[in-house]
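Listed below are the residues making up each chain.
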Number of protein chains: 2
Amino acid sequence: MAASTHNQNRSWTLKERPPGLVGPEHFNWVTSPMPEPGPGQILVKSLYFSCDPTQRGWLHAEGGYIAPVAIGEAMRAGGVGQVVASNAPGFEPGDLIQGTLAWSDFVVVTPGAGLTPVTKVSKDYPLTWNFSVFGLTTLTAYFGLLHTGEMKAGDVVLVSGAAGATGSVVGQIAKIKGASKVIGIAGGAEKCRWLVEEGGFDAAIDYKTDDIALKIKEHAPQGVDVFFDNVGGDCLDAALMNLKAGSRVVICGGISTGYASWSAPEGPKNYMNLILHGAAMKGFLVLHFMAEFGKAMAEIGQWVREGKLKVKETVVEGLENAPAALQGLFTGKNLGKMIIKVADPL
Amino acid sequence: MAASTHNQNRSWTLKERPPGLVGPEHFNWVTSPMPEPGPGQILVKSLYFSCDPTQRGWLHAEGGYIAPVAIGEAMRAGGVGQVVASNAPGFEPGDLIQGTLAWSDFVVVTPGAGLTPVTKVSKDYPLTWNFSVFGLTTLTAYFGLLHTGEMKAGDVVLVSGAAGATGSVVGQIAKIKGASKVIGIAGGAEKCRWLVEEGGFDAAIDYKTDDIALKIKEHAPQGVDVFFDNVGGDCLDAALMNLKAGSRVVICGGISTGYASWSAPEGPKNYMNLILHGAAMKGFLVLHFMAEFGKAMAEIGQWVREGKLKVKETVVEGLENAPAALQGLFTGKNLGKMIIKVADPL
């Protein structure tokens, strides 16, 4: 079989559950014999991994919407790989697939038995687009803004974590759908420049140097209709001071909390402003909209082909850098979708 | 004129803006000459005052949905009074009216020019019913539960501040509308006893002695569909640990914060649970539903006449006790609607 030239498999396994910010110190870099696929299984060579904030949640002992990663287990990640050996019908060596893989050079997968299905991927576009353009972060932006946030043409839309994988797409979809103004909050001059000059945002607020609440008021004196929050903390409290009547605050994430636990270190102090404005703070998981993924992807693909939607990627090279890349999500190292490149396809 | 037998008018005026819990020390007990109604005005003798958490908000310098009470001004309150002299068409001495009055034995009012209209009240039911049965707290319960909370038959409903004016009505309306289970959170054994034995609640949780989150889980193992929150703080965080998919958290108030400012000392740490459950936290002001007040009052009146809805009152006697009564709202002194009785009608 194709993998026979490799005798060793390198992996990052979970050493201990991180109490706060996740980092390389919470994983072990281990080398083990090449795994063998059993009946109905395939051996997959890892090519790319997606970095997602939700991975941090998988490290909590108490679990969440899926089971936690076990101590000693290779870290779970959404990935694209290439089949090198197959005992499963419908999969041949050389096939490019995506699904839930693990931080290993090679991984054995049972199609149809995992957390997400293993599906073959198209060769019509770059492999990384499976995470960026057609990944869950883009779908999260789409459904969070249009369904949960009920965005309508003419709305003033505010986005935190605006230079991130989800935020950068939220802003662009808002413009495509006729928002009267789209304001992004991001960290640092380079990200803010990207938002306005390339990302299509009307205005950018640098949370590292600006008074966030004051700047929101300056850009949206009548308040915002939709606030799409990826960050929590000060960004959320500042937005809650600038709501319009009947506005929607979409809680997508709280990256500023580092996802150190299921509860934030501090909740939004200004949540009672929801009362004055008859506003709603709404949570959602993109999985709630799974039945509509196909339709959304068709629309998203069309926007990308027409050049209306630019999906930005930050690619970190090397499996050995996987834990640092994941940590980088929480410390603002990425512009757009954070991706780990492990290998090129054969 | 009828008031000529009185030479003096006693009032509680605002001495200073309370930094935290409001109390008698923030008001001055002053005696001034009897006021005289000008053209288009009426002189009203105060009979009853409503005590409402929203009054605390009127003491913030920065204002809110209405202008703040000024330092030196008599404290504003919803009240029922009797006209003792009138220069306004349509009002005669002896008429019983309600509107925004002030903590004074006598107050001059300009019908049609105040914050709320001055309206004549019915003699068909006790005067206090204008605050309890037909007051804003009952309407708040009605619209908050049925409109903002979108309560449907079969829902599991949780209410904090359940022995208060709004909470006690929320629980009863939930039962009337077919909730499968109604759980109340209140402070102390006597209130909890009232909830279950007289208030029609299925279960009561004593936040002073119980582990709130654990008890909610015990009474609602599948989670709650609607949480109606009058309290904030620990109650809100405990409820956020017990949400059902698609559930609604109605933010009506945050009495545990003392309304010391427009922001709470601590926000809900568990707000990100809204994500996992695709849940919404929704604020509202009863004034948003003003157009539907008449219809709601007709339905509420019917329930009261049929004995389905029991509206509880706590009446404090004497204008001199007004500040203490208001403070009592924030320290849990009331069962049902807190009312101050100043005088009987002539």
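Note that this is a predicted model, so its numbers are computed, not measured.

(A) How the structure looks around the interface of chain A and chain B. The partner chain B presents 28 residues to the 27 residues of chain A that form the contact. At the level of secondary structure, the elements contributing two or more residues to the side of chain A that touches chain B comprise α7 (273–276) and β13 (280–283) of chain A. Considering every element that reaches the side of chain A that touches chain B, the biggest residue donor is β13(A), with four residues. The residue inventory of the side of chain A that touches chain B, partitioned by class, reads 15 nonpolar, nine polar and three charged. Strand direction decides the pairing type here: β13(A) and strand β13 (residues 280–283) of chain B, joined by three bridges, are antiparallel.

(B) Representation of the environment of Ala77(B). All names here are of chain B. Examined against the element boundaries, Ala77 turns out to sit in strand β4 (residues 76–86). Sequence spacing of Ala77 and Ile66 is eleven residues, and the spatial spacing of their C-alpha atoms is 13 Å. Residues within four places of Ala77 in sequence aside, it is in contact with Phe49, Ser50, Gln55, Leu101, Ala102 and Trp103.

(C) Looking closely at the confidence of the model for chain A. All names here are of chain A. Averaged over all residues, the pLDDT of chain A is 93; the fraction at 70 or higher stands at 97%. Throughout residues 1–5 the model reports pLDDT below 50, and contacts reaching past four residues in sequence, or to other chains, amount to ten contacts. We note a pTM of 0.89 for the whole complex and an ipTM of 0.87 for its interfaces.

(D) How the structure looks around the pairing of β13(B). Residue and element names in this part refer to chain B. The two faces of β13 match: Ala280 and Lys282 on one face and Met281 and Gly283 on the other face are all buried. Sheet topology places strand β12 (residues 243–251) next to β13; four bridges connect them, and they run parallel. Looking at β13, one finds that Val249 is bridged to Met281.

(E) The arrangement of helix α3 (residues 165–176) of chain A in detail. Residue and element names in this part refer to chain A. The terminal C-alpha atoms of α3 lie 17 Å apart, and with twelve residues this matches the ideal 16 Å at 1.5 Å per residue to within 8%. The element α3 is extensively covered by neighbouring structure, given that ten of its twelve residues are classed as buried. By the burial criterion, the buried members of α3 are Ala165, Thr166, Gly167, Ser168, Val169, Val170, Gly171, Gln172, Ile173 and Ala174. Backbone geometry just after α3 places Gly178 at a positive phi near 90°.

(F) Spotlight on the packing of helix α2 (residues 136–148) of chain B against helix α3 (residues 165–176) of chain B. Residue and element names in this part refer to chain B. Look at α2 against α3: their axes get within 8 Å of each other, and the N-to-C directions meet at 45°. In terms of orientation, α2 lies oblique with respect to α3. Crossing of α2 over α3 shows right-handed handedness. Contacts between α2 and α3 involve Thr137, Thr138, Thr140, Ala141, Tyr142 and Leu145 on the former and, on the latter, Ala165, Thr166, Val169, Val170, Ile173 and Ala174. In terms of residue class, the contact of α2 with α3 is made up of eight nonpolar, four polar and no charged.

(G) Local environment of the relation of the copies chain A and chain B. With an RMSD of 0.0 Å, the operation that places chain A on chain B is a rotation of 180° combined with a shift of 0.0 Å along the axis. What we have between these two chains is a two-fold relation. Looking at the rotation axis and the C-alpha trace of chain A, the residue lying nearest is Gly267(A), at 2.0 Å.

Procedures and definitions
Residues numbered from 1 in each chain as written. Chains lettered and ligands numbered in written order. Predicted model: local features only at pLDDT ≥ 70, side-chain atom pairs only at ≥ 80, totals over all residues. Contact = placed C-beta atoms within 7 Å. Helix = DSSP H or I, 4+ residues; strand = E, 2+ residues; numbered from the N terminus. Nonpolar A, V, L, I, M, F, W, Y, C, P; charged D, E, K, R; others polar. Pairing = 2+ DSSP bridges. pLDDT = per-residue confidence, 0-100. Buried ≥ 20, exposed ≤ 12 C-beta atoms within 10 Å, placed from the backbone. Expected span 1.5 Å × (residues − 1). Axes fitted to C-alpha atoms, helices over the stretch in contact; angles between N-to-C directions. Parallel < 35°, antiparallel > 145°, perpendicular 65-115°, else oblique. Left-handed = near helix turned anticlockwise from the far one by under 90°. Least-squares fit on C-alpha atoms with pLDDT ≥ 70 in both.

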